[in-house]
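Residue strings, one per chain:
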Amino acid sequence: MELIVCSWCRLNNAPDALQCATCGAPLDADDKVSDSGWREAPRLRDMEKFSFSGSTLQVEGKYVPVAEIDLHQDDHVYFEQHTMLWKDPHVPLSQFDLPARRRAHGMPYSVLSAGGAGRIAFSRDAPGELVVMPIHADTELDVREHAFLLASHAVDYTFQRIKGLANLLHGGSGMYLDRFFAKGQPGMLMLHGNGDVLQRTLGSGERILVEPGRFLYKDSSVAMNTFAVPGIKVGLLGKMWVAEMVGPGRVGIQSMYHHSSSED
C-alpha cells in the first residue's frame with residue numbers, strides 16, 4: 001500500500017493513518033484551496049494527539065485552543081512567559097538564553113524553557129487556531145512577534161526589529177520578526193493564529209500585497225517590503241501602506257488581527 005502524503009507538511013504517513021504523525025493534520029479531510037491559491041491550515045481536532053521527539057502533544061478546545069504536552073524526560077520546549085496555562089509542579093522551568101535584549105509591553109522580553117518529564121499546557125489570550133510548522137534542516141521561518149506558542153528543543157531562533165511596517169500603521173517604533181531554524185535535527189514549531197490561518201506559496205518573483213496586521217509568517221526566502229497603494233489617501237498618514245510579499249516561498253496570514261501594545 002502507498003504511503004499517505006500530508007498535504008500540509010508534505011511528509012509521509014502510514015497507509016492507515018488518520019492524522020499526520022509530524023504535524024497532527026487530519027489525513028482524512030479534504031485539502032481546501034481557494035481559486036487564488038490560499039490553502040486552509042489544518043484544524044487540529046479537539047483532543048487529538050501527535051508526537052514530536054519522545055513527547056506527546058494534545059490539542060484541547062476549539063475557540064481558544066490549548067496545547068497540552070506530556071514531555072519526555074529528555075525533551076524540553078521553550079515559550080513566551082505569559083503563554084503557560086498550567087504545569088505539573090515537578091516540571092522545572094529555566095530562563096531561555098535570548099540572542100539579544102528585547103522589550104515587550106515596556107518590560108524585558110522573557111522566554112522560558114520547560115524540561116521533562118511531566119505535563120505542561122499553553123494557550124494564547126485570543127480565539128483562533130493552532131498550526132504546527134515542522135522545522136527541517138532547510139527551513140527558516142519568519143513569524144510575527146507574539147504568534148509562536150512553543151518550540152521544541154531542536155529549533156533555535158533569533159529575531160530582528162522591523163522599523164517601517166508597524167511604525168507606518170500605528171505610529172510606533174516598529175515590530176519584531178522571530179526567525180526559527182533547525183539546529184541540526186528536525187524540530188517542531190507551534191503557532192497561534194487569530195481567527196483562521198491561510199497559506200499561499202508564491203513563485204519566484206510573484207508578488208502579493210497583505211494588510212500588515214494580517215501577516216502571520218513567511219519563509220525567509222520571501223522578501224517583505226512596505227508599499228504605498230497609489231492614489232489612496234487615508235487618515236493622518238496620508239497614504240495606505242501595505243506589506244508587499246515577493247516570492248519564492250510560503251506566506252501565512254490570519255483572518256483576525258489582535259494588535260499588541262508591544263508593536264507600538
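Reading the values: rules and limits
- Residues numbered from 1 in each chain as written.
- Predicted model: local features only at pLDDT ≥ 70, side-chain atom pairs only at ≥ 80, totals over all residues.
- Heavy atoms only, no water.
- Helix = DSSP H or I, 4+ residues; strand = E, 2+ residues; numbered from the N terminus.
- Pairing = 2+ DSSP bridges.
- Axes fitted to C-alpha atoms, helices over the stretch in contact; angles between N-to-C directions.
- Phe/Tyr/Trp six-rings, centres within 6.5 Å; stacked < 30°, edge-to-face > 60°.
- Buried < 20%, exposed > 50% of the residue type's maximum accessible area, 1.4 Å probe, protein only.

## A word on unusual backbone geometry
In this structure, the amide linkage connecting G116 to the following residue, A117, adopts the cis form with an omega of 0°. Tracing the backbone shows A117 in the loop between β12 (111–115) and β13 (118–122). Between G247 and the following residue, P248, the backbone shows a cis peptide bond with an omega angle of 25°. Here P248 is to be found in the loop between β24 (241–246) and β25 (249–254). In this structure, H146 is a non-glycine residue whose phi angle is positive, near 60°.

## Notes on the sheet that holds strand β23 (residues 223–228)
Taken in spatial order, the three strands make up an open sheet running β21-β24-β23, and their pairing is antiparallel. The sheet is open, and its two borders are formed by β21 (207–210) and β23, each paired with just one other strand. Sheet twist, expressed as the mean angle between neighbouring strand axes with direction ignored, is 30°. When β23 meets β24, the two strands line up antiparallel, connected through six bridges. Counterpart to F227 in the pairing with β24 is V242.

## Structural notes on the packing of aromatic side chains
A full pass over the atoms with the stated rule returns ten aromatic pairs. Residues Y78 and F96 carry aromatic rings whose centres are separated by 4.2 Å and whose planes lie at 25° to one another, so their mutual orientation is stacked. Of the two residues, Y78 sits in strand β7 (residues 76–80) while F96 sits in the loop between β9 (93–95) and β10 (103–104), which places them 18 residues apart along the sequence. The class for Y78 is buried, based on a relative accessible area of 1%. Take F96: its relative accessible area is 17%, and that puts it in the buried class. A ring pair is formed by F148 and Y157, whose centres lie 5.9 Å apart and whose planes are at 50°; its orientation type is tilted. Assessed through its relative accessible area of 0%, F148 is described here as buried. Overall, the relative accessible area of 3% leaves Y157 in the buried class.

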